[in-house]
Amino acid sequence: MLENYCSYIIRQPVISAPVFLNLLPILLIWRKRAYNDKMFFILFVYLILKFGVDLVMFDLASQRKNSVLYYNLNIPVRYVLTSWMFYYKLDYNAQRKWLMLSWILFVAFSAWDIIHTNPSMGDLYNHKMVLYSTTLESLLMLFWIMLYFYNTMRALKIPNLLTYPFFWICSGFLLYYSSLLFIAPVLHYASKWDQWMDIGSLDYIPYAFETVSLLLFSIGIAQYTGSSYAK
Amino acid sequence: MQSNEELKLGLLIASIAMLMMAFFVIMFVMYYQKKRFEEEKRISDIEKNYNRMLLDTALNSEETERRRIAQDLHDDIGTMLSLTKLSLNQLSKLVANSGDEKEESIMKKSQSLVEETILHVRRITRDLVPTTLERFGLMEAIEEFIHKLEEDNNLVIAFQSNTEEFPRQGQKLELTLYRIMQELVNNAIKHASCTKIDIVLEIDEEMIGLRVTDNGVGFDPEKIKESNLAGLGLLGIESRLAIVNGTVQYEQPAKGGSSAIARIPVNPASGNKPEPLHPFRRERVNI
Ligand SMILES: Nc1ncnc2c1ncn2[C@@H]1O[C@H](COP(=O)(O)OP(=O)(O)OP(=O)(O)O)[C@@H](O)[C@H]1O
Ligand SMILES: [Mg+2]
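Residues numbered from 1 in each chain as written. Chains lettered and ligands numbered in written order. Predicted model: local features only at pLDDT ≥ 70, side-chain atom pairs only at ≥ 80, totals over all residues. Heavy atoms only, no water.

Under an unreviewed UniProt entry, the name given to chain B is histidine kinase, and the organism recorded is Dyadobacter soli. Regarding chain B, the UniProt comment filed under Catalytic activity (unreviewed entry) reads as follows: "ATP + protein L-histidine = ADP + protein N-phospho-L-histidine." (UniProt positions renumbered as here; feature names shortened; annotations may be inferred.)

This is the structure in C-alpha cells:
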C-alpha cells in the first residue's frame, strides 16, 4: 500500500502536494488556538474535512479506483463551509440572507447535477464528475469574495490588510477559484473513467493553485492574534 | 484532435487571464486601501492643525483684547483721572481760602476718592497685562502675583523653584504658564477654602513642570468633567496646554486637598527681542 502511495506521489507530485499541505494550516490553527474564533472554526472544519476527502481520494487514486463520487459529494459541503466563513465577514443582514439562500439552492442544484450526470447511481465504476456544479460553485464564491472586498474598501475599517488574516484567506480562495473557473467545465469530460479526454497539464493548474491558496491560508492564520479578532 | 488542442490552448489562456485578474484585484484592494488610509490620515492631521490654529488665534486675540482694554483704561481714563485730580487740587485751594468746614471735608473726600480710583485703574491694567512677566520673567511675575494676593487674603502662599535663575522662555509659553498658575491659584482660593497654597516651578533639559497644591477640600476632576461642572477655568487650562504640547494631571494627595501638575516642553526664548509691550497702542491725535 505504501508502495502504491509512493509511486503515486512520484508520478503525480502536483496532485499529491496539496493533500499533505492541508496539514500546515490545520496545525497552525491548532497551535494558535484560533478555533475559538467562529470564522476560524469553520475554516478548521473545512480544512479537516478537505484533508479527509483528499486522503480518501488520494488513496483511491493510488489504487486506481474511481474516486469521483467523493469529489462530487464534497462539492456542496465545500461550498457551504467556505461561504459560511463569509457569513461572519459580511456586514449587512441582507447579504447574509442571500448567502444562506444560496446554500439551499446550491445543495439542491448539485444533488440534481449528480443524479443528472449519473443516471445509474449504482455503477460506481463509471461514476462521472458533475457537469455544472463546480463552475457554479466557483462563480458563487468569486461573487462572495468580490462582495467582501468591495465591502472592505467601502467601510475602511482595517488599517493594515497585510496583518489581517481574513484578507489572506480571501486572497487564497480568490486565486483558487479563479484558476478553477474555466477548467471546471472540462473536468467532467477529462475525468471520465474510460474515455480520457486528455487536457494534459491543464489539469494541474487547479492543484497548483490549491497549494498556493493553502500557503496563503497559512500566512493568514500566522497573522492571527487573539486580541486582533476580539475587537 | 485539432479542436482538442485549440480547446486546451483556449482554456490555458482563459485561466491565465482569470488568474491575472484575481491577482490584480488583490493588488488593487491593497493599494486602494492604503491610499485611502493615507488620505484619511492627512485630512485628520490637517483638521487637527486647523483646530489648534483656531484655538491659538482665539487665545491670542483674547490677550490682545486685554491689552487693548488695559491701554484704553490707562490712556483715556487714567489721563482723565489725572486731570480731574489736578482740577480738584486747584478747587481745594479755593475752598480752603473760603474757610467753610463742610465744603472742605467734601473736598477732601472727593480727592481721596479720585486717588483711590486712580490706584484701582492702575491695578486693573496691571492685572490685565502681566507687564512684570514680559519684562522680568516667570519667577518675578509669580512672586508679584503671590505678594498681591497675600495682601488681601489671609493665606499662606509658598513658591519654590529648582533654579535660582529661571531661563527665559518663549513669550507664549511664559504667558501660558502664568495664566495656568493664575487659574489654579484662583480656583484654590475660590473653591478649596484652603489656608495654604504651594506653587512649585521645576525645569530640566526637556520639561517645565508647574505644580500647584492646596490643602482644601479637594475635588475629582473626572467627576467634574462628567457632571458639566467644569467652568471655563479647567477647560481653558487644557486648551492652552494643547497649543504648546503640554499636559495637565490632577492628583488628590493622601493628606487632603488637591494638586495639579502642568508639564510643557521647554522652548527657550529666541534671540530676537520681545514683542513691544503695547503693540496696539494707537496713534494719539492732537487736534
Ligand atoms: N482647588 C480646588 N479645590 C476644590 N475644588 C476645585 C478646585 N479647583 C477646581 N475645583 C472644582 O472644579 C470646578 C471647575 O473649576 P473651573 O476652574 O473649571 O471652573 P470655575 O472656577 O467654577 O469657573 P471659572 O474658572 O470659569 O471662573 C469648580 O467649580 C470646583 O468645584
Ligand atoms: Mg476657575
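Regarding its fold elements, chain B presents 7 helices and 5 strands. Ordered by position from N to C terminus, the α and β elements of chain B give α-α-α-α-β-α-β-β-α-α-β-β. When each of the 287 residues of chain B is scored for burial, the buried share is 33%. Working note: accessible area of chain B is about 19,000 Å², and carbon and sulfur atoms make up 57% of it. (Helix = DSSP H or I, 4+ residues; strand = E, 2+ residues; numbered from the N terminus. Buried < 20%, exposed > 50% of the residue type's maximum accessible area, 1.4 Å probe, protein only. Areas by Shrake-Rupley, 256 points an atom, 1.4 Å probe, with all protein chains shown as cover.)

Using the residue numbers shown here, the UniProt feature "transmembrane region" (unreviewed entry) corresponds to residues 12–32 of chain B. Across residues 12–32 of chain B, helical content stands at 100% and strand content at 0%; the span's end C-alpha atoms are separated by 30 Å.

For the rest of this paragraph, the subject is the site of ligand 1. All names here are of chain B. Close to ligand 1 lie 17 residues; Glu183, Asn187, His191, Leu232 and Leu234 are nearest. At 2.8 Å from an oxygen atom of ligand 1 is found a side-chain nitrogen or oxygen belonging to Asn187. Measuring from an oxygen atom of ligand 1, one finds a side-chain N or O atom of Lys190 at 2.9 Å. Within the complex, 80% of the 600 Å² of free accessible area of ligand 1 lies under protein. Counting residues per element, the ones that place at least two in the shell around ligand 1 are helix 5 (171–192) and helix 7 (232–243). Looking at the shell around ligand 1, the element that brings in the most residues is helix 5, giving 6 residues. (Near = heavy atom within 4 Å. Polar contact = N/O pair within 3.5 Å; in protein donor to acceptor, adjacent residues only side chain to side chain.)

On the surface, Asp100(B), Glu101(B), Glu103(B) and Glu104(B) cluster together into a negatively charged patch. Note on placement: Glu103(B) falls in helix 2 (residues 101–128). (Patch = residues over 30% accessible without salt bridge, like charges linked within 9 Å, V, L, I, M, F, W, Y side chains within 5 Å. Salt bridge = Lys/Arg side-chain N within 4 Å of Asp/Glu carboxyl O. Lys, Arg positive; Asp, Glu negative; His and termini not counted. Charge placed at Lys NZ, Arg CZ, Asp CG, Glu CD.)

Let's shift gears to the UniProt feature "transmembrane region" (unreviewed entry) in chain A. Residues and elements named next belong to chain A. Those residues carrying the UniProt feature "transmembrane region" (unreviewed entry) are residues 12–30, 39–57, 99–117, 129–150, 162–184 and 204–225 in this numbering. Overall, residues 12–30 shows 89% helix and 0% strand. The separation of its end C-alpha atoms is 29 Å. The span residues 204–225 shows a helical share of 86% and a strand share of 0%, and its end C-alpha atoms are spaced 34 Å apart.

In this section: the coordination of the magnesium ion (ligand 2). All names here are of chain B. Taken together, Glu183 (OE) and Asn187 (OD1) make up the protein donors of the magnesium ion (ligand 2), found 2.0 Å from the metal. Taken together, the residues span about one helical turn, with Glu183 and Asn187 both in helix 5 at a distance of 4 residues. According to the relative accessible area criterion, Glu183 is partly exposed, its value standing at 22%. Using a relative accessible area of 16% as the deciding quantity, one classes Asn187 as buried. (Donors = N, O, S within 2.8 Å, 3.2 Å for Na, K, Ca; no water.)

In total, this model carries 18 salt bridges over all chains according to the counting rule given. Residue Glu174(B) is joined to Arg168(B) by a salt bridge in which the shortest nitrogen-to-oxygen separation is 2.8 Å. With a relative accessible area of 2%, Glu174(B) lands in the buried category. The closest approach of N and O atoms between Glu251(B) and Arg211(B), which form a salt bridge, is 4.0 Å. Here Arg211(B) lies in strand 3 (residues 207–214) and Glu251(B) lies in strand 4 (residues 247–251), a separation of 40 residues in the sequence. By relative accessible area, which is 34% here, Glu251(B) ends up partly exposed. Through salt bridges with shared partners, a single ionic network connects Lys50(A), Asp54(A) and Glu210(A).

Okay, the packing of helix 4 (residues 38–62) of chain A against helix 5 (residues 68–89) of chain A next. Residue and element names in this part refer to chain A. At a minimum axis distance of 9 Å, the contact between helix 4 and helix 5 shows a crossing angle of 165 degrees. As the angle between them shows, helix 4 and helix 5 are arranged roughly antiparallel. Where helix 4 crosses over helix 5, the handedness of that crossing is left-handed. Two secondary-structure elements touch here, helix 4 through Lys38, Met39, Ile42, Leu43, Val45, Tyr46, Leu49, Val53, Val56, Met57 and Leu60 and helix 5 through Tyr70, Tyr71, Asn74, Val77, Arg78, Leu81, Thr82, Trp84, Met85, Tyr88 and Lys89. Grouping the constituent residues of the contact of helix 4 with helix 5 by class yields 17 nonpolar, 2 polar and 3 charged. (Axes fitted to C-alpha atoms, helices over the stretch in contact; angles between N-to-C directions. Parallel < 35°, antiparallel > 145°, perpendicular 65-115°, else oblique. Left-handed = near helix turned anticlockwise from the far one by under 90°. Contact = heavy atoms within 4.5 Å. Nonpolar A, V, L, I, M, F, W, Y, C, P; charged D, E, K, R; others polar.)

This brings us to the sheet that holds strand 2 (residues 196–203) of chain B. All names here are of chain B. As summarised here, the arrangement of the 5 strands in space is 1-2-3-5-4, forming an open sheet in which the pairing is mixed. Across the chains shown, the open sheet's two edge strands, defined by having one partner strand only, are strand 1 (156–161) and strand 4. In this sheet, adjacent strand axes meet at a mean angle of 10 degrees when their direction is disregarded. Helix 4 (residues 138–152) rests against strand 1 and strand 2 of the sheet, and its axis sits at about 170 degrees to strand 1. Sitting on the sheet, helix 5 touches strand 2, strand 3 and strand 5 (258–265), and the angle it makes with strand 3 is about 10 degrees. (Pairing = 2+ DSSP bridges.)

The next subject is the interface of chain A and chain B. With 29 residues of chain A at the interface, the matching set in chain B holds 21 residues. Overall, the association of chain A and chain B removes approximately 2,200 Å² of surface from exposure, summing both partners, and the carbon and sulfur fraction of that is 82%. Summed over the three residues of chain A that lose the most area to chain B, namely Met153(A), Leu156(A) and Phe182(A), the buried surface amounts to 30% of that side. If you list the elements that add at least two residues to the side of chain A that touches chain B, you get helix 7 (133–155), helix 8 (165–190) and helix 9 (204–222) of chain A. Within the side of chain A that touches chain B, the residues separate by chemical class into 21 nonpolar, 5 polar and 3 charged. (Buried area = accessible area lost by both parts, 1.4 Å probe.)

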